[in-house]
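# Working through the structure, step by step
So the chains spell out like this:
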Amino acid sequence: DRILPSGKLSLKEAAWSAAIFFLLSLAAAWAIPNKEFFAIVLLASFITFFYSSPPLRIKRFPFLANLWIAIPRGTLLMVSGWASVRTVWDREIWVLGAIFGLFVFGATTTKDFSDVAGDKRYGCVTLPALLGYKGAALFMAPFLTFSFLALPLASHFHLLSGDAKRLLLLGLFLFLWGLYVTWIILRKPEALAVDKNHVSWKHMYLMLMAAQIGVAFAYWGLR
């Protein structure tokens, strides 16, 4: 019942829509005074396009596909936000970006569980197809739980200048949330393969947004 499979939108219309919104996003990025921001958005556009599109179609390759998504959705997302007000040459933002990228590297697999049949048909060997549902769930678990504990750890080693207590609380909160999501997944891994997106996929996005808001709060009011 999605737009493309149901025929509500043709492939030609989808291609034109994608092209228009890519151009609009690039135009909006160009309006930001710091052109480092535009360069990052341009790079992210390239990465996301070739995730699914030939000749690269990175989604075909297990593990590499996860990394390919983790770069724009995790790392570059944080770096671009930073670049809208400061320079990307600050080491600190790359530390933050790496932490978010680590989370997305594992968590992005939540989207692949319900697409195994279609992915196999078109030659995309995602982690659920390669490792099975339980194997892929076990692979994801450390990234969902331990990734954001790196926030207080990086703060302890003076790699992040945000408020240490806020970063500690944020890291512990996200760790506990990740444990809950992992419990949901491992309790019944085969449930991830339903035709709709599993609840863990929603949790992944909610955790990502909560982490972004939490990091902003950790830096709020600091010089």
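What counts as what
- Residues numbered from 1 in each chain as written.
- Predicted model: local features only at pLDDT ≥ 70, side-chain atom pairs only at ≥ 80, totals over all residues.
- Heavy atoms only, no water.
- Helix = DSSP H or I, 4+ residues; strand = E, 2+ residues; numbered from the N terminus.
- Rg over C-alpha atoms; globule rule 2.2 N^0.38 Å.
- Buried < 20%, exposed > 50% of the residue type's maximum accessible area, 1.4 Å probe, protein only.
- pLDDT = per-residue confidence, 0-100.
- Phe/Tyr/Trp six-rings, centres within 6.5 Å; stacked < 30°, edge-to-face > 60°.
- Lys NZ or Arg CZ within 6 Å of the ring centre and 35° of its normal.
- Core = buried A, V, L, I, M, F, W, Y, C linked by side-chain atoms within 4.5 Å.
- Contact = heavy atoms within 4.5 Å.
- Expected span 1.5 Å × (residues − 1).
- Arc of directions from axis to C-beta.
- Patch = residues over 30% accessible without salt bridge, like charges linked within 9 Å, V, L, I, M, F, W, Y side chains within 5 Å.
- Areas by Shrake-Rupley, 256 points an atom, 1.4 Å probe, with all protein chains shown as cover.
- Salt bridge = Lys/Arg side-chain N within 4 Å of Asp/Glu carboxyl O.

### Focus: the overall build of the protein
Counting its regular elements, the protein contains nine helices and zero strands. Going residue by residue from the N terminus, the α and β elements of the protein occur as α-α-α-α-α-α-α-α-α. For a compact globule of 223 residues, the expected C-alpha radius of gyration is about 17 Å, and the protein comes in at 18 Å, within 12% of that figure. Principal-axis analysis of the C-alpha atoms gives the protein an extent of 50 × 45 × 25 Å. Looking at the protein as a whole, 43% of its 223 residues qualify as buried.

### Quick notes on the confidence of the model for the protein
Per-residue confidence for the protein gives a mean pLDDT of 89, with 96% of residues at or over 70. Within the protein, the lowest mean pLDDT, 81, falls on helix 5 (residues 116–121), and the highest, 96, falls on helix 7 (residues 150–156).

### Structural notes on the packing of aromatic side chains
Taken as a whole, this structure holds 14 aromatic pairs when the rule is applied. The rings of Phe22, Phe46, Phe49 and Phe50 are connected pair by pair, giving a single aromatic cluster. Here the basic side chain of lysine 35 rests over the ring of tryptophan 30, its NZ or CZ set 4.0 Å away from the ring centre. Above the face of the phenylalanine 217 ring, arginine 166 is positioned so that its terminal group lies 4.7 Å from the ring centre.

### A short note on the nonpolar core
By size, the foremost hydrophobic cluster in this structure holds 55 residues, and its most contacted members are Leu96, Phe103, Phe148, Leu151, Leu160 and Val215. Among the secondary structure elements, those contributing two or more residues to this core are helix 1 (11–30), helix 2 (35–52), helix 3 (64–83), helix 4 (91–107), helix 6 (127–146), helix 7, helix 8 (164–187) and helix 9 (199–219). Leave out the neighbours within four places in its chain, and leucine 160 touches Glu92, Val95, Leu96, Leu151, Ala154, Ser155, Leu167 and Tyr219.

### Looking at helix 9
With 21 residues, helix 9 ought to run about 30 Å at 1.5 Å a step, and its terminal C-alpha atoms sit 31 Å apart, in line with that. Here helix 9 has its buried residues at Ser200, His203, Met204, Met207, Leu208, Ala211, Gly214, Val215, Ala218 and Tyr219. End-on view of helix 9: buried residues confined to an arc of 140°, all on one side of the axis. Exposed and oriented more than 90 degrees from the buried face of helix 9 are Lys202, Ile213 and Phe217. On the buried face of helix 9, the contacting elements are helix 3, helix 4, helix 6, helix 7 and helix 8. Trailing helix 9 by a residue or two, glycine 221 shows a phi angle of about 80°, which is positive.

### Some details on unusual backbone geometry
Backbone phi values are negative for most residues with the exception of glycine, while trans is the configuration of most peptide bonds. Note that the residue after proline 54, namely proline 55, is joined by a cis bond; omega there is 5°. With respect to the helices, strands and loops of the structure, proline 55 is situated in the loop between helix 2 and helix 3. Positive phi values are uncommon outside glycine, yet phenylalanine 63 reaches one of about 70°. Judged by relative accessible area, which is 35%, phenylalanine 63 ranks as partly exposed. Here the phi dihedral of histidine 158 falls at roughly 60°; this positive angle occurs in a residue that is not glycine.

### Description of a nonpolar patch on the surface
Together, Trp16, Ile20, Phe21 and Leu24 make up a nonpolar patch on the protein surface, roughly 480 Å² of accessible area in all. Relative to the assigned elements, leucine 24 resides in helix 1.

### Side note on the environment of lysine 134
Mapped onto the secondary structure, lysine 134 falls in helix 6. In this structure lysine 134 comes out as exposed when scored by relative accessible area, which is 55%. Sequence separation between lysine 134 and lysine 188 is 54 residues, and the spatial gap between their C-alpha atoms is 8.4 Å.

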